[in-house]
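Chain by chain, the residues run as shown.
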Amino acid sequence: MPTSSTLEAAAGDVSASFYAEGCEPLAASARLVCIEQNCRARYALSDVLYQCRGCGGLLEVGYDWSLARTDTWKQLWRARRMDNHPLSQSGVWRYREMLPFLDRPQHVVTLREGNTPILSSALAAEYAGLENISFKHQGFNPTGSFKDNGMTAGVAQARRLGKTRVACVSTGNTSASMAAYASAGGLTPVVFLPHGNISFGKLAQALEYGAVTLEVQANFDQILALVRELCERADVYLLNSINPFRIEGQKSMAIELLDQLDWSVPDWVVMPGGNLGNASAFGKGLIEARNLGLIPRLPRIAVVQASGSAPFYEFLKDTQKGFHAVAHPETLATAIRIGDPVSWPKAMRIIQETGGVAEVATEQEIGDAKAVIGKSGIGCEPASAATLAGIRKLVERGVIGRGENVLAVLTGNVLKDPDYIYRYHTGALKTPQGPPIVGRFANCPRVVANDAAAILKILERA
Ligand code: F0G
């Protein structure tokens, strides 16, 4: 069913020149490829697969990049910013030569995702002990999180495969995004949520965007296993970040970032880590851009996890010990309350290739960093603030230099979790273990009488 967000209804006809001239051989080379070096099995894009049939490894979309003729791409992408076609206005599909897996633009559902700003904050820089810091704020996306970058691509693939139902388990943002894009594209969204551990704002989005919404009495990791089984049995297309097409869309964040920076490269890109799809996607985009000669070098990537849900951080401390899931993950940053991240093998490669690190932040550190980002006039949801909390610690430890160029990815909008905000500022926020969080930057509202003189007294001290 075409809707105003699908391209059947869009102005203009780009079918003839969907990709830049000469891109057809590159697009034709797209395959699903197993990421395991000793396997590298290849599959057609039409195979509905989330893991390698041979070795069980994760899959990615691979291209024969030697066929890419990139000389016109940077100018073309810049010119598209002036173009009113929906594909050009999308901050994902504007860069479609970097993700040329589609054969027909009509499969795309776009809500004009991406196009997110880079914002700097002197206050946050001072807090982190840096000269400068800037934030790529993915919360400016249509459904308020970075998931939209990936979802436009995942839903396009679902439509190309002729699927009518899509599903995900989510800590909230994936479900909000999938619900919106699936409904906009005429598909039925089915979302599975960990009952009691998702912010109200995100749950509300799933309902409003028309998803069949199931709150399961289990945690994210347990529900993912369940949903994978259900998807197979009920022919539903899985749109968690294990889906390689979602990663393709999400990697456009890195390309848009570089375009906005006129192709200069930050020293560090820092992001929160949950299921580790984002780090994998960002890294894939950066590495491909470097390999294509669009940038001369890679930034270092730092992944920050919440201290009660930090299996990747623990793993990187000593990889010899192997990867161990956290059985009962806990954090008030519910978006990253994940103990068994599916994409850790992809993320590990990104850390290795970029000389990256992982860091961990406590509930207190996340809460305070979030308030600092808020007081900068920027604002974000709790998981996003793990970045600033982690950066502060990495600067303290001398891993990040004071004068280095640091870019943090804020993954979700400030309004995603208003309950957390209210509790922090009123002193009612408690850690999952019970002790309260002391709001060092609390800004408590005051109830006042309807009395101008009394209010003036307060204002004198403001
Ligand atoms: N920040 C926010 C706001 C998120 O919603 C998530 C993940 C992350 C960071 C971590 O990203 O999983 O790619 O490492 N949210 C998922 C969800 C799991 O279901 O919305 P990741």
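See the structure above.
Residues numbered from 1 in each chain as written. Predicted model: local features only at pLDDT ≥ 70, side-chain atom pairs only at ≥ 80, totals over all residues.

### A closer look at the overall build of the protein chain
Across its full length, the protein chain holds 17 helices and 13 strands. Its C-alpha atoms give the protein chain a radius of gyration of 22 Å, near enough to 23 Å, the size a compact globule of 462 residues would have. Along the three orthogonal principal directions, the C-alpha set of the protein chain runs to about 70 × 55 × 45 Å. Burial status across the protein chain gives 51% buried among its 462 residues. (Helix = DSSP H or I, 4+ residues; strand = E, 2+ residues; numbered from the N terminus. Rg over C-alpha atoms; globule rule 2.2 N^0.38 Å. Buried ≥ 20, exposed ≤ 12 C-beta atoms within 10 Å, placed from the backbone.)

### Focus: the pairing of strand 10 (residues 268-272)
Counting buried positions along strand 10 yields five of five residues, so the element is predominantly enclosed. Across the two faces of strand 10 the burial is the same, with Trp268, Val270 and Pro272 and Val269 and Met271 all buried. Pairing of strand 10 with strand 11 (residues 300-306) involves five bridges; the strand directions are parallel. When the sheet's bridge partners are listed, Val270 is paired in strand 11 with Ala302. For the crossover that starts at strand 10, traverses helix 11 (residues 277-291) and ends in the parallel strand 11, the hand is right-handed. (Pairing = 2+ DSSP bridges. Right-handed = clockwise from strand over helix to strand, strands pointing away.)

### Brief notes about the site of the ligand
Of all residues adjacent to the ligand, which total 22 residues, the nearest are Ser170, Gly274, Asn275, Thr411 and Gly412. Of all the elements in the fold, those that place two or more residues in the shell around the ligand are helix 6 (173-184), helix 11 and helix 15 (382-396). Residues that form the shell around the ligand fall into these classes: five nonpolar, 15 polar and two charged. (Near = placed C-beta within 6 Å. Nonpolar A, V, L, I, M, F, W, Y, C, P; charged D, E, K, R; others polar.)

### Notes on unusual backbone geometry
Positive phi values are uncommon outside glycine, yet Asp235 reaches one of about 50°. In this structure, Asp235 sits in the loop between helix 8 (220-234) and strand 9 (237-238). Taking the C-beta count within 10 Å as the criterion, Asp235 has 10 such neighbours and is therefore assigned exposed. In the Ramachandran plot, Trp263 falls in the positive-phi region, its phi being about 65° despite a non-glycine side chain. Residue position: Trp263 is located in the loop between helix 10 (252-260) and strand 10.

### Some details on the sheet that holds strand 2 (residues 42-43)
A sheet is described by the order of its strands in space; here three strands give the open sequence 2-1-3, paired in antiparallel fashion. Because the sheet does not close on itself, it has two edges, and the strands there are strand 2 and strand 3 (59-62). Strand direction decides the pairing type here: strand 1 (residues 31-34) and strand 2, joined by two bridges, are antiparallel. Counterpart to Val33 in the pairing with strand 2 is Arg42.

### Some points on the pairing of strand 5 (residues 133-137)
Counting buried positions over the five residues of strand 5 gives four, a clear majority of the element. Alignment of strand 4 (residues 118-120) against strand 5, held across three bridges, turns out to be antiparallel. Paired with Ser120 across the two strands is Ser134, which belongs to strand 5. Across five bridges, the pairing between strand 5 and strand 13 (residues 406-410) is parallel. Along strand 13, the bridge assignment pairs Ile133 with Val406.

### Let's talk about helix 6
Look at helix 6: 17 Å from first C-alpha to last across twelve residues, which is about the 16 Å you get at 1.5 Å a residue. Counting buried residues along helix 6, eleven of its twelve residues qualify, which places the element largely inside the surrounding structure. Taken together, the buried positions of helix 6 are Asn173, Thr174, Ser175, Ala176, Ser177, Met178, Ala179, Ala180, Tyr181, Ala182 and Ala184. Buried residues along helix 6 sit against helix 5 (147-160), strand 6 (165-169), strand 7 (188-194) and helix 7 (200-208). (Expected span 1.5 Å × (residues − 1). Contact = placed C-beta atoms within 7 Å.)

### Quick look at the sheet that holds strand 8 (residues 212-216)
If you trace the four strands from one edge of the open sheet to the other, you get 8-7-6-9, paired in parallel fashion. Each having just a single partner strand, strand 8 and strand 9 make up the two edges of the open sheet. As paired strands, strand 6 and strand 9 are joined by two bridges and run parallel to one another. By the bridge assignment for strand 9, Val166 is matched with Tyr237. Against the sheet, helix 8 makes contact with strand 6, strand 7, strand 8 and strand 9, and its axis sits at roughly 160° relative to strand 6, the strand it touches most. (Axes fitted to C-alpha atoms, helices over the stretch in contact; angles between N-to-C directions.)

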